[in-house]
Every structure is written in C-alpha cells, then in structure tokens.
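Structural overview
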Amino acid sequence: MTIEPVNTEPVPLAVAGLSASYGVVPALRDVSITLHSGEIVTLIGANGAGKSTLIKAICGLVRPSAGNVRLFGEDVTGLSPDRLVRKGLSVVPEGRRLFSEMTMRENLELGAFARSDRAAVGRDFERVIDLFPELRERLATPAGAFSGGQQQMIAVARALMSAPRVLLLDEPTIGLAPAVVDRIADIITRIARTGVNVLLVEQNAETALSVADRAYILEAGAITAEDRAITLAESPEVQRAYLGI
Amino acid sequence: MQTAIQLILTSLQIGAVYILFSLGLTLVFGVMRIVNFAHGQLFAVSALVVATTVPWLAGWGLPILPAYLFAVVAGVGVAVALGLLMYVGGFRFFQRDLVGSFILSIGLVLVLDGVLLKVFGGAVRPVPEILPGTVSVLGATITNQRLALCVAAMVITGLLYLALTRTKLGKALRAVSIDHEAAMLQGVPYNAMALAGFIIAAGLAALAGALIAPVTIVSPVIGADYLVKGFIAVIVGGLGSVPGAIVGGLFVAAIETFGSFYFDPSSATIAIFLLVIAVLLVRPKGLLGHG
Amino acid sequence: MDDLKLPCWAAGIALALAVTLFIRDPYIASVLNLIAIAALTAVSLRFVMLMGELNFATAAFVGIGAYTTGAVVTILDWPFAIALVAGGLVAGLVSIVFGYVTLRTKGPYFLLIGFAFTEAVRILYSKSTTLGGTSGMIGIFPPVALDGWMPTVIVAVSAALIFALYALERSDFGKILTAIRDNENVARTVGLNILLVKIACFAAASAAAGVAGSLHAFANNVISPGDFSFLVAAFALAYVKVGGEDNIVGPLFGSVLLVVLGSYALGLGGDEHIFYGAAITLAVLLLPRGITGLVTGRRARAAGKEH
Amino acid sequence: MHAAEQPLLTTRGLTRRFGGLVAVSNLDLEIRPREILGLIGPNGAGKSTTFNLISGFYKPSAGELFVLGEDCTGKSALTISRLGLVRTFQHGSFMRSMSVADNILLGTIHPVKGTAARRARVAETAAMLGLTPFLHDEAGSLPHGLQRLVSIGIAFAARPRLLCLDEPLTGLNQTEVANTLTVLQRIRDEFGCSVLLVEHNMKAVMRVCDRIVVLHHGQHLATGTPAEIRADKRVIDAYLGHRHDH
Amino acid sequence: QETIKLGLSVPLSGTGATWGKGSEFMCKKAAQEIAQAGGVKVAGKAYNFECLAYDNKYNAAEGTKVAQTLLNREGVKFIGGSLGTAPVQALQSLSERQGVILFTTAWGPSIKGPKFPLTFTQMNTPFEILPPLIRFIHEENPQAKSIVMLNPNDATGRDTEGVAKKVWSETGVKVLSSDFYERGTTEFQPMAARIASLKPDIVDLGAMPPADAGAVLKELDVLGWKGVKVVEVGTGIDGLKATGGNAIEGVYMGAAVTFDGPTATERQKAVNAEARTLLGESINAIQIGFYDSVYALKAAMEKAQSIDPKAVAAALPDAAFTSFYGDKVDFYGVDTYGSRQQMRLPVIITQARDGKLVEKSRVVPSAK
Ligand SMILES: Nc1ncnc2c1ncn2[C@@H]1O[C@H](COP(=O)(O)OP(=O)(O)OP(=O)(O)O)[C@@H](O)[C@H]1O
Ligand SMILES: Nc1ncnc2c1ncn2[C@@H]1O[C@H](COP(=O)(O)OP(=O)(O)OP(=O)(O)O)[C@@H](O)[C@H]1O
Ligand SMILES: [Mg+2]
Ligand SMILES: [Mg+2]
C-alpha cells in the first residue's frame, strides 16, 4: 500500500498510465508512479527495462503515447524539457551528457541557466562544489577532460545548480568508485532532507534500496512491484534478481 | 606604403561584408548543426529589394538617405520573412541533420534562383549614390559609402560578438551546439533559440545585402559569389565559432585583395583554396573550431 | 557471395541493355545516357556516404574524368577504351592525393572542402588553354563503329561499375565502412588502418565518378568547365535522397525519376530551376527516407540517430 | 606460473601529463601471459589514461612501453593493435547499426584472411560468448548486457594476446556479470589470452583477477592478489571505502 | 499556314538570363512581324516562324541537352540563334551532322569556316569590331601611349583579348598588363587598385559585362585614375551606368546601339521601349542578332523557294535583307574565316556623354 500523504500539498510528481514506444517497439506500458513530498523513491529494474525511457518521458525528451505527468498537480505532459526545468524539475541524464568542450565552471553555470537570482546561484555554486572538493581546483578544465567517474560527479553537481524541487537521477553511480558511490548515496539523502523530492533510477539496487524510502520495480516496461524500500530489499525475488546474493 | 594601406583598407571593406555573411552561416551551424546553402539567396533578396525600393522611393520625391534607410528596413524585412518561411516550412524538421538540411537548402536555392529571376528580372539594378564623396585615410582613398558600410558592419559584428561571448545567451548557444537535449535539460529553450538563431542569421545576411547594395552589382545571382567565399571563411575559421567567422572573413578578403593586386584575380581564387587546404591539414576543424 | 542477389542484378542489367537496344529514337537514347551517367554518379556519391561522409568533390572527379578523356581523345588521339579507363584512373589517383589530405577532416568540413575543390578545379580548366579554357573541349567522339551503340555501351559500363561498387559494399570492406561511420575508434582498435580504408573508399568512388565523367564526355562530345559545377554533386545527392539512401536501388530510382522529370522541365525555359528545386524540396520534406524508404517501410535505423 | 615466458607488456616509468596535471606518473606495470590483471583505483586515478597509453591512443610524456618484447614507446595505435594488444572503450565500444555478426566480423578482418575463415572465426567467437542466437540482430537493438558482450566479441575476434577491457561490467545485472566473468576465464584458459581489466565492481574484480594493481593519483599504490588487496589499509582508505571491507 | 520551328539555345537563368530573355523576345518580335506581313512565301505556301527557347545555362552539358531536345525531340531544322561558346559548340557537333542550320553569336574562329557549311554568325565579333574601333580611339586620343587590359576569363574574354592586344600593339600603344578575372565576381576594388597602380593612359575592359565594367570604372574613379576608357565589346550603357554612375563618362564602346540619337528609326525606338519594360534594359547587339537571323532565314527561304536546310544554307550568303540597324545586308567573311558566313553588319562606335550614349562613327565592312 502507498503511504498516504499527510499534508494536502499537491503531489510533487505523479505519473499516470504512461506509455511510450520507439517506432513500433513499446518501451513503457501503462506506468504509474508517484513521488510524495519529502520522499526518495527509487526505480529499479534490469537493463532495457525502460527506466531511462521513463525518465525521458517525464522530462519531455520522449513524447508519451498515452498517460500524463503531473508536477505539483499541474499537467505537464508533452512540455519541452526547458519549460519543465523552470517548473522545478532537474535531471541527471543517462550517460551524463556534459558539455564536453566547455569548462566545468561553465557546465555548472549552465545548470543554473533558468535562474535569475545571481546571489543565490553564487551560494549554491559554493555549496555544490563543496560536495566534490577534489574537483574544486579544476573548475577551468573542459568537462570532457575529466575521467568517467569525475564526469558523473559533475553531472550530479550540475543538476543541483538549478535548485530543483524534483530531482530525477538516472544511474548516478555508474562508473563510480565504491567509496564515491557511498558519498553519492549520502548526498542524495542530504538533498532530500532539504526538501528536494528525489526519483532515483538505479541498476545498483543495493545502494538504491539503502537510500530510498520507497521503491518501484520496472520489468519489460511495466511496474511489477511497489513497496517500502526496506521491505523490497528483503523480498527473496528481489534479492535473487537484483542483489545477487 | 600607400599601396599597402590601400590594400589593407580594401581587405577590411571587403572583409566586413564577408564577416556579416559568414557570421550567419556559422550561427545557424552552431545552433542547428545544419549547412544552409540558401543563405546567399537571403542576401540577394535583401539587396534586390533595396535596389528596387530606393529608386522607387526617390521617384516619389523622397530624399536619398531616408529612401535608403527605408529600403534597408524593407529589404531586411522581406529577407527575414523569407527566412522565417524557410525555417517554419522546412529547416525546422531537419535540425541536426546535415545531409537532409543540406539537400533541402539546395532545393531552395534552385527554387529561389528561379523565383528571384522572375520577380526582379536578370538586369543589374542601379542604386543611386547614398553618401557621395570620398575621404582620405592615411593617404588611401575610400568612398564615404564604403566607409559607412565598413563601420556598420563592424558595429553589428561587435554587438553580436559581445552578445554571444559575454552573455548567458552565448554560453547557452555553445551548449546547444554541443548537445541540444542536454542544454534543454538545463532550461535552455532550444526551439526558441533555433528559431532565433535562424532569424538572426537571415537578418545578418539581409543586412549584409542591404549594406552592399549601393556599392556593388545587384542582380539575382549576387549570392553565389558570397556563398563560396563565406563558406571558405567559416571552414578556415572553424564552423560554429564567432571569432572564427571574423578571422576567416578577413583571411579570405586579404588573400583576394593581395592576390588580385599582385597576381591576377583568378589566381587569387585558387590561392584561397590552397590555403584552406593548408589550414585544414594543420587544424582539421579550422583555426578556431572545435566540436 | 550468396547475398549479392545475382539473379536480380542479372535481370536488371539485361533489361536495361535490352531497352537500349530496342530504343532507336535518338532523343530517348540521349535521355537514357543521362540516366545511366547520373545513376553512376549518384551511386559513387552514396558509396562515400557509407562511411558517413558527404563527398561534394564528386562533381570535381566527374570533371577530372571527363577532361582526362577529352585530352586523351583529342590531344593524344588514343583509343576509346584507354580513354575510358584513363578517366577513371586519373580521377582515382587525384582522389588519393586529395583524400590523403582532406579525409582527416570530417562532416561539414569535408563537405565544404569538397565544394571548394570543385570550384577550384573548374577555374584550373578555364585557365588552361590546352584544355580549351572556358569554352571547353570539342570533338570527343567515340569510334565510328560504336556510334549507334553508345547508349548500350554507356549503360553497360555504368551498370558494371554500379555492380562493382555494390559488390564492394557487400564485401567485408563495405562493413569496415559502416563501422567507420558508426564508431571509428573501435575499428581502429582491431588493427584496421582507418585513413587507408577511407582513402580506398574515396578513391573507388572517385574512380567510378571519373568514368561517369568519361562517359559524359563521349555522350556529349563537348565538355566545358561549367558542366562540372557543384550542382553535379547536388543533383547526385538529390537522386540519392529522393530515391532513398538505405539501399543501392534508391539512387537508381532517384536518377531515373529526376532525370526524366528534368528532361521534361527543360521545356519550361527559366522555370526549369523552380521545377527541379521544388521537386527536390518536396521530396525531402515529404519522403525523408526516399522512395525506397516508403517501400521497405520503417525498418528504422532510428537507433543510430540517437545519441 | 610461466615464469620463463617474457611478459606481454611492460612499462617503465610511464608518465602522462595534461598541462600541469600528471594523470599517470612513473608507472611500472607488467602483464604476464595467461593472467587476468585487475587495474583499479579511485575515479580519476589514471586507469583510462593508462589504457590509452598502452594501446597507443595517447603518447607518453615520459617512460617506456614494451609490448611482446618490442619497444612500442610512441608507436601508433595501429602498430600496437597489430602486435596483439586489443582494447575496448569505456563507453559504447561497438557499432549500433550493424548486425552482431558484422560487429564481430570487424575484429577478424585484419588478422584472418579469406571469407570462409572469417565466417568460421565469427561463429566460434559468437558461440564462446553466447551470442549465436543474436547473430543477425542489429547490435543497437540488443539489451545492454549483450551489447557489452558484443564489444568484447569484436576485440576478442582478433584473437589478441592481450585483451584490455575498460569497465566492461557497468550496467550489467548479476547474471550478466557472472556470465561475462565466465567468458573472461574461458578466454584465458582456452586461448591463453591475458586480460587487463579496469572495473569498479569489486566483487567481480576480486573473483576473477589473478593479480590486482591499484592506482591512486596516477601513481602505483599497491599490487597483489585479491586477498592482499582487500586487506590493504591504503587501498581501503583510498578506494574501497569502509562499507566494503567485509 | 504552316509553322517552321526556330530553336534557340540561350541562357535563361543565371548571369546571362537577361541576354537570353532579350534574345527570345527579339526572335519572337521578328516572327510576329513576319506573320503580320503574310509569312514566308515559299512555293505558293506561306509559313510562319515559331521561336522555341531553351535554357543552356552557358555550359556544354546543358547545351547538349538543349541540342538533343531541339533537334531530336522538337525536330527543329533551323537554329534561330545561340549564345555562349561552350553550349554552341555542343549544339554545332549535332547540327552540322544532322543537317540543321545554326545561327550563332559565338565568336570563336574555331566554329567557323568551310568545315561548317551550315553555321552562320549573326553578330559582329572582335575580328570585325576591334580594328576600326581601336583605330578610331587612337585617332581621337593620340597622346595615349599605354594600356592595361582586363577581361573575363572565358572564351569571349580570351578571344577579345587576343585580337585587341594585337591591334593595340600595331597602333603603337604599349600593353602594360593584361589580366583575367572570374565571371560572377562582385568585388572589383582589388583589380582597380592594381590597374591604377600601373598608371596606364588607357584602360580597356574588353569583353567585360557592362555592370562589371561599370564597377571597375567606379573604383578607378575613386582611386583618382583619369584616362581613356574603353569597353570594346560593351553592349550598352544601362548596365555600365547602374554600377559606374558618373564614372563612365567618356567610355568608348564597339557593340552598343543607341536608340535616342537622330539615326534611330521609329521602329527601333518602339521595339526598344517594349524590351525595356520587359527586361529592364535596352536591347543590345547580341539580342538584335536574334532578330536579324530570322529575317535572314526568311530571305534565304524565299530566294531558294525551299525550306530544306541545305538549300536555304546555299542561298543564305546572297540573300540580302534589311537588318534591324536599317541597312540592307548580306554575308561575308572569306578573308577572315574562309567562307561567307558572317553577317555584314555595321560596326557602330559609341561613346558615353553626359550619361547618354552618342554614336560617333559607323563603319560598314567592305571585305569579301
Ligand atoms: N532511441 C531508442 N530507439 C529505439 N529503441 C530504444 C531507444 N532507446 C531505448 N530503446 C529500447 O527501449 C527499451 C528500454 O530502454 P531504456 O533505455 O529505457 O532501458 P533502461 O531500463 O534504462 O536500461 P539500462 O539499464 O540499460 O539503462 C530497450 O529495449 C531499448 O533497447
Ligand atoms: N584529455 C585530458 N585532458 C586533461 N586532463 C585529462 C585528460 N584525460 C584525463 N585527464 C585527467 O587525468 C586524470 C586521470 O583520468 P582517467 O580517465 O585516466 O581516470 P580513470 O582512472 O579512468 O577514472 P574513472 O574511474 O573515473 O574512469 C583525471 O584527473 C582526468 O581529469
Ligand atoms: Mg538506462
Ligand atoms: Mg576511466
């Protein structure tokens, strides 16, 4: 059962009956998920399950063939990504997609493109850099010159620069050293505590389930399970399929 | 010495128009990753409209300068409207599709060539002198018209350069040219930018055409010469790079001027080509290009 | 070699040759010549597209082939067959040198440098008095014995070369080309010399374009620098795009359709440009995958278009 | 161990700088025949750079590189790959629009002559990787796990003496990881090919590697068997983190 | 009444489009006049002419297509006029073989002579124009001792340059430099700078299109060069004025026609006015050739009492007719070309005076 929201604030993110396909191949079938205030929700599933497609459909990069997406109660289905950013949505896309010829600083600044309050952006810049202190002295390096894992960190940092209210993360720990994975997990928890609602898509079910409050399982484009993260982590099927124990 | 100054001045004057022209090409490439061969037609339309409107307005008794300014507005207006039509009816569907957009632009070149010839006729159109007289700069002579053209081109280029390098817009533009989807995910309004980029490019071509109309040979085929030179300029400078377009425009103009002076004009054309090859050998993405 | 679809090719070529033998009307024969030469040029252009590059220098190589043939026939007075081979050979050799320098660049740079090369080569012809300057070369006649057979010869030579390029495309070499288009670095890791492969592809295509030029010279008897402007490549691209680039049948379809349309449009005086341009514009807007794309449906390569 | 055999690859003082940054510093590395060598380290430690150096994609700023006893310092990627060192890339090391068979075929073109022989090599490689049922599918349309195998397939089809894999396991599920590790072991056991493995999946690295080299800030931090590395305090601090020291 | 098709191979697009359109207009004008006057009367029948203009785009390949279309699709037996050396060569290789009469404005001596019995030239070429023109200029400006020449880099330019260089040298004028430039160029400043730096007494812009020539004269004026200006085969003043403004004052031309002078007839003025509204500029010698060729054909057909091309060709050299210029003309050229295929047209020497074209002299060739 879903946990009922305590307050009457509109739900940050509600996806209802979403379907999408690439050409004739369906990638998502009637997917419904909800992100309640203050929650970290994770979406786990094998590769090719459609996790990234769902993220893209939410943020406007893929046009859904049916269903709708609501952001704080407002129907935003089919809006372009830049409009959604202005409504408080931010994404760490699959494959990072940094602007490789631009410096790390420029990448971060672009993260705040939609914001106009310079002072606040400046403060956030410092805060975000503090999360990855090893990169601080390399602000002037082109993003493409960073190692794979470093780029992943920059991608997370860039997403935070837009001061999102809803943050979607598509496999943010891919290619990261084990110690950094832990740090990212930690960062996610901390962000969530500041009132950002997080949807975390992961292959790495172990980490995902350990930070999330609630989890959905996506298989072959459809949601097959939904529960508290702890409960799912203990379910034998999940352990067998995703945790490899 | 005086010869050198005269030639440098000439390069600058010619270069000013090449720069305006190639800025448009480079801008559209930067935003949409397309190569638009019909850019020359936008340039031609504007020049033709100016060349038709000025005598017409002068015929109504309007003094020459206001007539010209009015004609510039008309020329740029028509060219920009045409650009809008091209974008909405065509290029919009071919963003980031080098081959598709290119062939579309070839189709448009053919259509527009035919239409311009029908509408304006093939005859060369005289534009009365707008700013008569000449000035002497360091011993070299230059007509007031060319001087004004040069100044206008420099101002426009300067403004655009500032806008694209010093503002958020410039950064967004570079981001879009690297990965437009990722840019949208940062809140960069890509579709609006593509449209704006295309329209600004059309406007630049139109301004170039309107500015050059009083000092050159205005006919429907005027775009072709500029197209070749403009493309060479952007290859040399690096596609998508604003300073590249400036450097490239001046490069082509200088070789053309000095080559024509010391050898002959058709050798200069071949020299331009050989130098481009040399540049590409050393820097396959142009002098200032990346991405 | 089982997937070369030999029966289809044999039937197609036989049919084309039969048509040339059957048709005795000189005007239709001249249109057939145009179609065959256009098809060969388009297939040559598409061959370089296999490795992901748009070769606008095609126009230049058609011209180099034509001028070589012109020079061999009118200045050296050598026989027909040698003139034909020489056209392909010289174009191929020049393309090796040009490709060695320019194939380090990619995408729009390669496209535009090809465009510039085309224009530069034309100026060279027009400056050369030996090659007839701007008025071009005249008197490039095939041997008298072949006079009535020219359409058959032209179609046969074009068909043979088109088939050769097709066989090359289907061979392992063709697969390297696709690999280069998809992911050049991977091809590099398994011991393949990418620049060499690119040059080879470019040279093969250019040699074919050169022969197309030779045939052009023999079909027209007269050539001039104006014949080989970048429009040759632009039209070849139109044949490929309108016909569909996924399959070699595409450019063939495109050539037939557009050349026939173009011959009709010639009667429209100055409006011919409008007509041809509109045909191209509408085709790319309405049939993004070309005519063959309509037929084969959307076995989309869409995955390749994504990042 | 085959102590008598010369090492497949040796580096001496290998260094690579990017401007002021030293990405790889004074690295001595040795890969022996028939071994699976793990190369691990924090993000930005210099693993991929090392890869690029030994495969000839980058030129070293200093130091020497020997492949199969030949001095390959500053040699091109082409020369090195023809000596039998084949690598994959961290991302998308295959051709999306080509069929699996054609992907694998690419690896055979240089080393194998003759169409029939190449086809046979493709079939053998596919069978070994379990890709036979997918030979005619477009590689880009396959599930991610199989795509990773295709990347390995291309490289392995060249039958290299040394196969260098950059994070081949990212994004794979448990079954796929296990499957891929089995493939790597068979490659070593049946074909005598050595493998250099860069990976962040510690469970897998510990399971499959004979020896592990740890890099940190471009420098060599430790070398040893999986057991030794797991217990190494410096490695735990720099890389593994404390959650993983179980 | 039956129709005889006259094929025209002319540029209808690109830089030469106006010339082609004017040519078509003049052919139609002549055909219309002849129809109104009762047609061509041969063997008791009256024929009318119909002009079919095809776009040869100034190159051989398109010229071949046009030739194929005209000869093999339209079945044309008479080419009423053709423009552009390369496409004319392409056309000639078919027309001579298929027994079709070819009228042309192209200049190359290579397309004339007894080898080409069916080819006729419908306008004056540098061989006819330059000797009298240069002699005239030299007489008016005996103090001018040096010259710089500039021509387009094409057959027309090269032909003109060859003849002009020879004739100037013969008159004792020193050729300081002779350059070529690519057609389609729009920037003439560098060339003007080069010319001015050589300080010639005369600048000869040979076969430059009027608009290009005007642009050069304009730049020369800015640079302060003053001297004798010549556009030898310049065809009109409109294009010159369009780009040259006042800088064209005094320029001499050898292929222009004036229609405002006292010599102009009412018919010339009327036709010219009509052309101006259609084309935006006055008709020129090239286009007039397309009018004259139609009348020449009419005269020859009536003289031969046949519409068989061979018979007509045989009758042509002596079939005198009234040209648009007003004189009764026949064909000559044995001295220069070896056969009578050049229309005996007057060479009209004109000069720009106060923005108007003034006829200075008119020479009717008397050669064989
Ligand atoms: N651009 C595309 N074109 C065609 N099919 C696609 C495209 N992108 C994804 N697919 C297909 O859609 C399905 C879902 O893909 P998606 O990327 O959403 O999966 P995922 O769960 O994110 O997997 P992974 O763990 O590999 O990231 C897969 O079968 C995939 O092959
Ligand atoms: N082209 C380059 N220019 C500048 N610096 C570079 C370049 N390539 C790599 N670096 C730097 O060198 C260091 C080593 O990078 P490398 O990619 O080798 O790390 P890695 O060990 O592979 O890390 P990861 O596990 O994150 O992939 C990093 O700090 C990186 O930023
Ligand atoms: Mg995914
Ligand atoms: Mg790495």
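For the structure itself, consult the block above.
Nothing here was measured: the structure is a model prediction, and the numbers come from that model. (Residues numbered from 1 in each chain as written. Chains lettered and ligands numbered in written order. Predicted model: local features only at pLDDT ≥ 70, side-chain atom pairs only at ≥ 80, totals over all residues. Heavy atoms only, no water.)

**Focus: the overall build of chain D**
- Counting secondary structure elements, chain D contains 9 helices and 10 strands.
- Taken over the C-alpha trace, chain D has a radius of gyration of 18 Å; the compact-globule value for 246 residues is 18 Å, and the two agree within 12%.
- Its C-alpha atoms give chain D principal-axis dimensions of about 50 × 40 × 40 Å.
- Scored against the burial criterion, the 246 residues of chain D give a buried share of 59%.
- Intrachain contacts of chain D at a sequence separation of at least 6 include 65% that bridge at least 24 residues.
- Accessible surface, chain D: about 9,500 Å² in total, of which carbon and sulfur atoms supply 52%.
- Each charge class in chain D was averaged separately, 27 positive and 22 negative side chains, and the resulting centres sit 3 Å apart. (Helix = DSSP H or I, 4+ residues; strand = E, 2+ residues; numbered from the N terminus. Rg over C-alpha atoms; globule rule 2.2 N^0.38 Å. Buried < 20%, exposed > 50% of the residue type's maximum accessible area, 1.4 Å probe, protein only. Contact = heavy atoms within 4.5 Å. Areas by Shrake-Rupley, 256 points an atom, 1.4 Å probe, with all protein chains shown as cover. Lys, Arg positive; Asp, Glu negative; His and termini not counted. Charge placed at Lys NZ, Arg CZ, Asp CG, Glu CD.)

**Thoughts on the packing of aromatic side chains**
- Under the definition given, this model contains 39 aromatic pairs over all chains.
- If you follow R104 of chain C out to its NZ or CZ, it ends over the ring of Y100 of chain C, 4.6 Å from the centre. (Phe/Tyr/Trp six-rings, centres within 6.5 Å; stacked < 30°, edge-to-face > 60°. Lys NZ or Arg CZ within 6 Å of the ring centre and 35° of its normal.)

**What to know about the pattern of salt bridges**
- The full count for this structure, using the stated rule, is 60 salt bridges over all chains.
- Between E64 of chain D and R12 of chain D there is a salt bridge, and its shortest N-O distance comes to 3.2 Å. Here the residue E64 of chain D occupies a position in strand β4 (residues 62-67), and R12 of chain D occupies one in strand β1 (residues 9-18), the gap between them amounting to 52 residues.
- You can call E64 of chain D partly exposed: its relative accessible area is 32%.
- For R12 of chain D, a relative accessible area of 46% corresponds to the partly exposed category.
- The shortest N-O distance in the salt bridge between D330 of chain E and R340 of chain E comes to 3.5 Å. Of this pair, D330 of chain E sits in the loop between β13 (328-329) and β14 (331-332) while R340 of chain E sits in the loop between α12 (334-337) and β15 (342-343), and the two are 10 residues apart along the sequence.
- Given a relative accessible area of 28%, R340 of chain E falls into the partly exposed group.
- What you see here is one network of salt bridges that share partners, running through K106, E184, R188 and K198 of chain C. (Salt bridge = Lys/Arg side-chain N within 4 Å of Asp/Glu carboxyl O.)

**A closer look at a nonpolar patch on the surface**
Residues and elements named next belong to chain B.
- Together, I8, L12, L250, F258, Y262 and F263 give the surface a local cluster of nonpolar side chains, amounting to about 560 Å² of exposed area.
- When contributions to the nonpolar patch are tallied by element, the ones reaching two or more residues are α1 (2-32) and α10 (242-262).
- The biggest single contributor to the nonpolar patch is α10, with 3 residues.
- On the secondary structure map, Y262 appears in helix α10. (Patch = residues over 30% accessible without salt bridge, like charges linked within 9 Å, V, L, I, M, F, W, Y side chains within 5 Å.)

**Points about the sheet that holds strand β8 (residues 197-202) of chain A**
Residue and element names in this part refer to chain A.
- The sheet built from 6 strands is open, its strands ordered β6-β7-β8-β3-β9-β10 with mixed pairing. Every interior strand has two partners, whereas the edge strands, β6 (89-92) and β10 (222-228), have only one. Going across the sheet, the axis of each strand differs from the next one's by a mean of 15°, ignoring polarity.
- For β6 and strand β7 (residues 166-170), the ladder comprises 4 bridges, and the chain directions are parallel. Within β7, the position partnered with S90 by the bridge is L167.
- Packed onto the sheet, helix α5 (residues 148-160) meets β6 and β7 and runs at close to 175° relative to β6. (Pairing = 2+ DSSP bridges. Axes fitted to C-alpha atoms, helices over the stretch in contact; angles between N-to-C directions.)

**So, the arrangement of the chains**
- Sorting the 7 pairs of chains in contact by contact count puts chains B and C at the top.
- Chain A makes no contact with chain E; the smallest distance between any of their C-alpha atoms is 38 Å.
- With no contact formed, the shortest span from any C-alpha in chain D to any C-alpha in chain E equals 39 Å.

**Overview of the site of ligand 1**
- In the region of ligand 1, 15 residues are neighbours, and G48, K51, S52, T53 and E94 of chain A sit closest.
- Neighbouring residues of ligand 1 are distributed over chains A, C and D.
- Here a nitrogen atom of ligand 1 sits 3.5 Å away from a polar atom, N or O, in the side chain of Y22 of chain A.
- One nitrogen or oxygen atom from the main chain of G50 of chain A is found 2.9 Å from an oxygen atom belonging to ligand 1.
- With the chains in place, 77% of the 630 Å² that ligand 1 exposes on its own is no longer accessible.
- At 3 residues, the largest contribution of residues to the shell around ligand 1 is made by helix α1 (residues 51-59) of chain A.
- Class assignment for the residues of the shell around ligand 1 results in 4 nonpolar, 7 polar and 4 charged. (Near = heavy atom within 4 Å. Polar contact = N/O pair within 3.5 Å; in protein donor to acceptor, adjacent residues only side chain to side chain. Nonpolar A, V, L, I, M, F, W, Y, C, P; charged D, E, K, R; others polar.)

**Here's the deal with the side chain of S11 of chain B**
- Tracing the backbone shows S11 of chain B in helix α1.
- Setting aside residues no more than four positions away along its own chain, S11 of chain B makes contact with A253, A254, T257 and F258 of chain B.

**Focus: the interface of chain D and chain C**
- Listed per partner, the contact involves 27 residues of chain D and 19 residues of chain C.
- On the chain D side of the interface with chain C, the three residues burying the most area are L78, S97 and L106 of chain D, jointly 22% of the side's total.
- The tally of links from chain D across to chain C stands at 3 salt bridges.
- In this structure, K175 of chain C engages D102 of chain D in a salt bridge whose closest nitrogen and oxygen atoms are separated by 3.4 Å.
- Linking chain D to chain C there are 7 residue pairs in polar contact (both at pLDDT 80 or more).
- Sorting the residues of the side of chain D that touches chain C by element identifies α2 (77-83), β6 (85-87), α3 (100-109), α4 (115-129) and α5 (144-157) of chain D as the ones contributing at least two each. (Buried area = accessible area lost by both parts, 1.4 Å probe.)

**Here's the deal with the environment of L45 of chain C**
Residue and element names in this part refer to chain C.
- Structurally, the position occupied by L45 is in helix α2 (residues 26-49).
- Under the relative-accessibility criterion, L45 is labelled buried at 0%.
- Taking C-alpha positions, L45 is 29 Å from P26, a pair spaced 19 residues apart along the chain.
- The contact partners of L45, leaving out residues within four places of it in the chain, are N55, T58, A233, A236, L237 and V240.

**Some points on empty space enclosed by the protein**
All names here are of chain E.
- Taken as a whole, this structure holds 8 cavities of 30 Å³ or more when the rule is applied.
- Taken together, 13 residues form the lining of the largest cavity, with N124, A255, A285, Y325 and P346 sitting closest to its centre.
- For the lining of the largest cavity, a count of residues per class yields 11 nonpolar, 2 polar and no charged. (1 Å grid on protein atoms, 1.4 Å probe; cavity = no way out; pocket = protein on both sides within 12 Å on 5 of 7 lines; lining within 4 Å. Points joined across faces, edges and corners; volume = space filled by probe spheres on them.)

**What to know about the site of ligand 2**
- Every one of the 21 residues lining ligand 2 counts as a neighbour, but R138, S147 and G149 of chain A together with K47 and T49 of chain D are closest to it.
- More than one chain reaches ligand 2: its neighbouring residues belong to chains A and D.
- At a separation of 2.6 Å, an oxygen atom of ligand 2 approaches a polar side-chain atom of S147 of chain A.
- Within the backbone of G149 of chain A, an N or O atom sits 2.6 Å from an oxygen atom of ligand 2.
- For ligand 2, whose free accessible area comes to 640 Å², the fraction covered by protein is 89%.
- Secondary structure elements with two or more residues in the shell around ligand 2: α5 of chain A together with β2 (21-31) and α1 (47-54) of chain D.
- When its residues are assigned to classes, the shell around ligand 2 shows 7 nonpolar, 11 polar and 3 charged.

**Observations regarding the pairing of strand β1 (residues 13-22) of chain A**
Residues and elements named next belong to chain A.
- Sheet topology note: the β1/strand β4 (residues 66-71) ladder contains 5 bridges and is antiparallel. The residue of β4 that forms the bridge with V15 is V69.
- Pairing between β1 and strand β2 (residues 25-35): 7 bridges, direction antiparallel. Bridge pairing in β2 places A20 opposite L28.
- Taken together, β1 and the strand that follows it, β2, pair antiparallel across an intervening segment of 2 residues, in which G23 is found at a positive phi of about 65°.

**Considerations on the coordination of the magnesium ion (ligand 3)**
Residue and element names in this part refer to chain A.
- The magnesium ion (ligand 3) binds to the protein through S52 (OG) and E94 (OE); the donor distances cover 1.8 to 2.2 Å. Of this pair, S52 sits in helix α1 while E94 sits in the loop between β6 and α3 (104-111), and the two are 42 residues apart along the sequence.
- Overall, S52 belongs to the buried group, its relative accessible area being 12%. (Donors = N, O, S within 2.8 Å, 3.2 Å for Na, K, Ca; no water.)

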